[in-house]
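Architecture and fold: a report
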Amino acid sequence: RCYVSSGRPYRFLPRQVPAFCHAQFLTPSANPPASLEAMSACSSLAQHRCPSSVDPLGFLPRCPSSSLLSAKSLCCGCRKAPPHTLLLSSRRRRWRCRSEMEQPRRNEGRRTKRIPTESEKGVDPVGFLGKLGITNKAFAQFLRERYKAMKDRKVEMFTRHANLLEMASGYEILGLHRNMLHRVDFMDWAPGARYCAIIGELNNWSPTDNCAGEGHLGRDDYGYWLVILEDKLRDTENAEEFYFQEYNYVDDFDKGDSCVDVDELMKRIDDEYWEPGEDRFIKAPFEAASKLYEEVFGPNGPEREEELEEIPDAETRYKAWKEKHKDDPKSNLPPFDVIDNGKEYDIFNIVDDPVWREKFRKKKPPIAYWIEMRKGRKAWMKKYLPAISHGSRYRVYFNTPSGPLERVPAWATYVLPDEVGNQSYALHWEPSPECAYRWKNKRPDKPKSLRIYECHVGISNSEPKISSFREFSSQVPVFGKRSSWVLPHVKEAGYNAIQLIGVPEHKDYSSVGYKVTNFFAVSSRFGTPEEFKHLVDEAHGLGLLVLLDIVHSYAAADEMVGLSLYDGSNDCYFHTGKRGMHKFWGTRMFKYGDPDVLHFLLSNLRWWVEEYKVDGFQFHSLPSMMYTHNGFASFTGDIEEYANQYVDKDALIYLILANEMLHELYPGIVTIAEDATLYPGLCEPISQGGLGFDFFVNMAVPRMWLWLLENVPDKDWSMEQIVLTLRGSLQNVGKMLVYAENHNQSISGGKSFAEILFGGDEKCSDSQHLRASSLYNMMKLLTLSMVGHAYLSFMGNEFGHPKRVEMPITSNNFSFEFAKRQWELLGVQIHKDLFLFDKDLMKLDQHERILSRGSSNIHHVNDSKMVLSYIRGPFIFVFNFHPECTYENYHIGAEEAGEYQVSFILSLFLWLTKKSSYRFVCNAALTGSC
């Protein structure tokens, strides 16, 4: 804090500047001097030096305050009078005279310090190329350019946000949020709008009652609108005495309910918080300034320049002040004896009294006194009526160049997409504390291997209707009984995670939830936000992770309830023209290079983790966002196809930022990439140039099984093709997620594997059932045991659901006949046997950790005999896919000699579930076979 004289324009000589013109406190944290003499003694004005001096203020220790006064009277006694201004050097953080900066620098000829490279800092944009054996120069150059673009994007982002954490915290302020100052704040991003208002049941849908204010109080330079909804004062209550009165809306009682007023609180702060003497200049803030003004401009002050005496330097004046006050009683204030050891210190690292430094740092700010004035929920309900009540319907009203628009807010947390005809509404979700869900269970630890049960809440019921969150975690028929739950069924089946699809709000139910309209809202078809929290909490109680199939690769093109043409412009959230539309699905494509779009998407990821405690995400359909052709192009395998003009560099940068943010804030989170093109570096560390995913989906495996079942007789299957497809490109095999069948194979016209194998006829012969079920089980066992550290199965596939999934659409007269799961089939013997085998597969990993082991060693592939064998861990897997031939005394390789116990035998004709007594004796050292 500095005190400057003002009044008549004096011109002082260079060596005769009064000390008070530059009086300042040495640190903003220290208390002011006890007397004006001390302030003068602690002046920042040093003895005048010539321009050749290194620092005209070099004697003084560096002050952490950057508010040093303009030195209008400080100049150099050189012939050329320079502009008298103090400048802060950006390199050395020290005060320098401008005349000095105009002189040649002393170290101008020295070599500058070398800036470390990115690899030396621990970041190598092309680090994973050597690991994968990629030597393409064009792709390496693309990775370097992408990394440079990502750094530029971060610079652009961090000019408005402090860090990634703040960048991903938009949900804390955007949308409707209750403010402690007895009001509700609404904030939204609509840069193309000219006017913004909230309409709804709170104001009879009037566009003029609750609108944004004028100027920056209503709309900032980036297009963010702020609408304040003030709570209504009850008729019998008086207005607040203090405008800053806060309320705690969660707790019924708070300290402020004890009627502590401001005067009493301030008195307690002075008595309890401040030490004697510390509050002198707080109680009398103009004392020093008035005395300094009187000293100069008072009756005893100098009238002419000739009356000004020689002003000694600061060190001399300070020693004189110390000598004068050496016999003063011990002061409670911190001393101003600067410990000077002759070294040059940074202005933010002043050397002061260490005892008082520690004492000051231990002192906490008096926030507790301020919180004590905060009142509780009962006091608020007694005094106010809420501006917008829980469950109230509302929309946002925009006046745009193309006319007035009504939209469902982009950050709404609960939406009714088809409530009355084609009208859509958002519901203000603010349940009372007694109705809000309270979490009971902790998040499970991340397992070493994932066994994922993929499910859709809407089709989880056995009845032809849309199921709910409550029904999903309540009674369903398992083994003919209605006392079991879906989640306990998943746990009993041996899975350790569930993956939910279609949870975010979507207007088109036939899209299975992939055409998302409201990214921050759970689908109202299935239930309320509190009911979804109950589902997640119950899953955590059973030790199940909850993964969410997130769709950030595109959005629904709906305008009334979605984000399309949100503010009347075509480039708010999405690209314009053809780039903004998916070539085949009619959905909108996000503009990933816009910082506000990144703000929206990153905040959406963190919202689901913070609000609903999900444990991870599967990023759906990455090719749609990574390529301008949306992935609908033939890939020849050339590495340059991943670095040409069709690759969206901005989308890749978003995926990197998303993984960086999620793994930095939540170390145990799981991210899965669904990419059919297998983009290089999907699961490589970000520091090595990768995208940072934990797993990637090998989508070629289920397509291979489907193609073989539909087009190739089982006697003509190629073992080489099966092995090559399962092994993939061998890039990060340890991070591969595999599945034999998921929902993609049985949606809208497709057939499930069981439907193909059994032919839709459940009354076929036992031998046909045994043949089909044996082949089905062999496909699942081979898929699980050969590669990958994660396995996935869709709901119903564990017991061979015989019907496809078909959502209600026009072609089937909106029937729910195929939009359900026939849980009653678990009472049928063949489906029960399929379920028991799938359960044994999960036990194989649960007890023997087959998924968490290293890659398999495939040492025997015989296409003519349709036999393949491989070793994974201590297990030797042998498969005979021939539908007619059996083999005796068949030799296969073994790595270690010894006796091998047969765990189970599974062929097209024989399936033994009990332990076999057969043993194989191996002598690998001599014959290498058994």
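Model, not experiment: these values are computed from the prediction.

Reading guide: rules and limits
- Residues numbered from 1 in each chain as written.
- Predicted model: local features only at pLDDT ≥ 70, side-chain atom pairs only at ≥ 80, totals over all residues.
- Heavy atoms only, no water.
- Helix = DSSP H or I, 4+ residues; strand = E, 2+ residues; numbered from the N terminus.
- Buried < 20%, exposed > 50% of the residue type's maximum accessible area, 1.4 Å probe, protein only.
- Expected span 1.5 Å × (residues − 1).
- Polar contact = N/O pair within 3.5 Å; in protein donor to acceptor, adjacent residues only side chain to side chain.
- Salt bridge = Lys/Arg side-chain N within 4 Å of Asp/Glu carboxyl O.
- Disulfide = S-S within 2.5 Å.
- Contact = heavy atoms within 4.5 Å.
- Pairing = 2+ DSSP bridges.
- Axes fitted to C-alpha atoms, helices over the stretch in contact; angles between N-to-C directions.
- Phe/Tyr/Trp six-rings, centres within 6.5 Å; stacked < 30°, edge-to-face > 60°.
- Lys NZ or Arg CZ within 6 Å of the ring centre and 35° of its normal.
- Patch = residues over 30% accessible without salt bridge, like charges linked within 9 Å, V, L, I, M, F, W, Y side chains within 5 Å.
- Areas by Shrake-Rupley, 256 points an atom, 1.4 Å probe, with all protein chains shown as cover.
- Core = buried A, V, L, I, M, F, W, Y, C linked by side-chain atoms within 4.5 Å.
- Parallel < 35°, antiparallel > 145°, perpendicular 65-115°, else oblique.
- Left-handed = near helix turned anticlockwise from the far one by under 90°.
- Nonpolar A, V, L, I, M, F, W, Y, C, P; charged D, E, K, R; others polar.
- pLDDT = per-residue confidence, 0-100.

1. Description of the overall build of the protein chain
Along the protein chain, the regular secondary structure elements total 23 helices and 31 strands. Across the 930 residues of the protein chain, 52% fall into the buried class.

2. Observations regarding helix α16 (residues 595–612)
End to end, α16 covers 25 Å across 18 residues, agreeing with the expected 26 Å (1.5 Å per residue, within 8%). Of all 18 residues in α16, 16 are buried; the element is thus mostly enclosed. With a side-chain oxygen lying 2.9 Å from the backbone nitrogen of Asp596, the N-terminal cap of α16 falls on Asp594. Looking one or two places after α16, you find Lys613, whose phi comes out positive at around 55°.

3. Description of the pattern of salt bridges
One pass over the structure, following the stated rule, counts 33 salt bridges. Glu287 serves as the salt-bridge partner of Lys291, at 3.6 Å between the closest nitrogen and oxygen. Linking Lys291 with Glu287, this pair stays in helix α8 (residues 287–297), spanning four residues, or about one helical turn. Residue Lys291 is classed as partly exposed on the basis of its relative accessible area of 41%. Each of the salt bridges in this network shares a partner with another, and the network as a whole consists of Arg153, Glu156 and Asp650.

4. A short note on the state of the cysteines
Should the sulfur atoms of two cysteines be covalently bonded, the bond is a disulfide. Across all of its chains, the model carries zero disulfides by this definition. Cys211 supplies the cysteine sulfur nearest to Cys196, a cysteine that is in no disulfide, at a spacing of 8.9 Å.

5. Quick notes on the side chain of His599
Mapped onto the elements, His599 comes out in helix α16. Residues within four places of His599 in sequence aside, it is in contact with His161, Glu166, Met167, Gly170, Leu174, Tyr224 and Trp411.

6. Structural notes on the sheet that holds strand β3 (residues 175–179)
If you trace the three strands from one edge of the open sheet to the other, you get β3-β4-β6, paired in antiparallel fashion. Strands with a single pairing partner mark the edges of an open sheet, and in this sheet they are β3 and β6 (224–230). Within this sheet the neighbouring strands show an average axis-to-axis angle of 25°, counted without direction. Bridging between β3 and strand β4 (residues 183–189) involves five bridges; their strand directions are antiparallel. Paired with Leu176 across the two strands is Phe186, which belongs to β4.

7. Here we look at the side chain of Lys533
Its location among the elements puts Lys533 in helix α15 (residues 529–541). With a relative accessible area of 9%, Lys533 lands in the buried category.

8. Focus on the packing of aromatic side chains
Summed over the entire model, instances satisfying the criterion amount to 48 aromatic pairs. Centre to centre, the rings of Phe879 and Phe881 are 6.0 Å apart; their planes meet at 20°, and the pair counts as stacked. Judged by its relative accessible area of 1%, Phe881 falls in the buried class. The positively charged end of Arg178 is found above the aromatic ring belonging to Tyr249, 4.8 Å away from the centroid. In this arrangement the basic side chain of Lys613 is found over the ring face of Trp439, its NZ or CZ atom lying 5.3 Å from the centre.

9. Points about a nonpolar patch on the surface
On the surface, Phe584, Trp585 and Phe632 cluster together to form a nonpolar patch covering roughly 330 Å² of accessible area. One can find Phe584 in the loop between β19 (545–550) and α16. With relative accessibility at 55%, the residue Phe584 sits in the exposed group.

10. Description of the nonpolar core
Judged by nonpolar contacts, the single largest core of 181 residues is most densely connected at Tyr573 and Trp717. Excluding residues that lie within four positions of it along the chain, Tyr573 makes contacts with Trp189, Ala410, Trp411, Leu563, Tyr566, Met589, Phe590, Lys591, Val597 and Phe600. Among the nonpolar cores identified, the runner-up in size contains 14 residues, and Leu545, Leu547, Val670 and Leu792 belong to it.

11. What to know about the sheet that holds strand β22 (residues 695–697)
Strand order in the closed barrel made by the eight strands is β13-β16-β19-β20-β21-β22-β23-β24, with parallel pairing throughout. Between one strand and the next, the sheet's axes are offset by a mean angle of 30°, whatever the strand orientation. Bridge count between strand β20 (residues 616–619) and strand β21 (residues 670–673): four bridges; the pairing is parallel. Bridge assignment links Gln618 to a residue of β21, and that residue is Ile672.

12. Some points on the pairing of strand β25 (residues 857–862)
A regular strand places its side chains so that they alternate between the two faces of the sheet. Bridge count for β25 against strand β26 (residues 867–872) is five bridges, and the pairing is antiparallel. Note on β26: the bridge partner recorded for Asn857 is Ile871. Here β25 hands over to β26 after four residues, with Met866 in that stretch at a positive phi of 60°.

13. Considering the packing of helix α4 (residues 137–158) against helix α18 (residues 649–665)
Orientation of α4 relative to α18, taken along the N-to-C sense of each, is 65°, at an axis distance of 10 Å. Classified by the interaxial angle, the pair formed by α4 and α18 is roughly perpendicular. Read as a crossing pair, α4 and α18 show a hand that is right-handed. In this structure, α4 contributes Phe142, Glu145, Arg146, Ala149, Met150, Arg153, Lys154 and Met157 to the contact, and α18 contributes Lys649, Asp650, Leu652, Ile653, Ile656, Leu657 and Glu660. Taken together, the residues of the contact of α4 with α18 sort by class into eight nonpolar, no polar and seven charged.

14. Considering the environment of Phe244
With respect to the helices, strands and loops of the structure, Phe244 is situated in the loop between β7 (232–233) and α6 (262–273). A sequence separation of 129 residues divides Phe244 from Met373, and the C-alpha atoms of the two residues are 9.6 Å apart. Discounting residues that sit within four places of it in the chain, Phe244 has contacts with Leu181, Val262, Trp370 and Met373.

15. Some thoughts on the packing of helix α19 (residues 700–711) against helix α22 (residues 766–786)
Relative orientation of the contacting elements α19 and α22 amounts to 155°, with a least axis distance of 12 Å. Classed by the angle they form, the pair α19 and α22 counts as roughly antiparallel. Between α19 and α22 lies a crossing of right-handed hand. Seen from α19, the contacting residues are Val701, Trp705 and Leu709; seen from α22, they are Leu775, Met779, Leu782 and Thr783. For the contact of α19 with α22, a count of residues per class yields six nonpolar, one polar and no charged.

16. Describing the pairing of strand β13 (residues 450–456)
Most of β13 is tucked away: seven of the seven residues are buried. Of the two faces of β13, the one holding Leu450, Ile452, Glu454 and His456 and the one holding Arg451, Tyr453 and Cys455 are both buried throughout. Here five bridges tie β13 to strand β24 (residues 790–794), and the two strands are oriented parallel to one another. Looking at β24, one finds that Leu450 is bridged to Ala790. Note that β13 and strand β16 (residues 497–501) share five bridges and pair parallel. Directly across from Cys455, in β16, lies its bridge partner Leu500.

17. Focus on the confidence of the model for the protein chain
Here the protein chain averages 79 in pLDDT, and 79% of its residues register 70 or above. Contacts for the low-pLDDT stretch residues 907–930, under 50 throughout, to residues beyond four places or in other chains number 61 contacts.

18. With respect to unusual backbone geometry
With a phi close to 55°, Phe814 is a non-glycine residue in the positive phi region. Counting through the fold element by element, Phe814 comes out in the loop between β24 and α23 (829–848). Judged by its relative accessible area of 53%, Phe814 is exposed.

19. Considerations on helix α20 (residues 719–727)
Residues of α20 that are buried include every one of Met719, Ile722, Val723, Thr725, Leu726 and Arg727, and no others. Where α20 is buried, its residues touch α19, β23 (736–738), α22, β25 and β26. Of the residues trailing α20, Gly728 is marked for its positive phi of about 65°.

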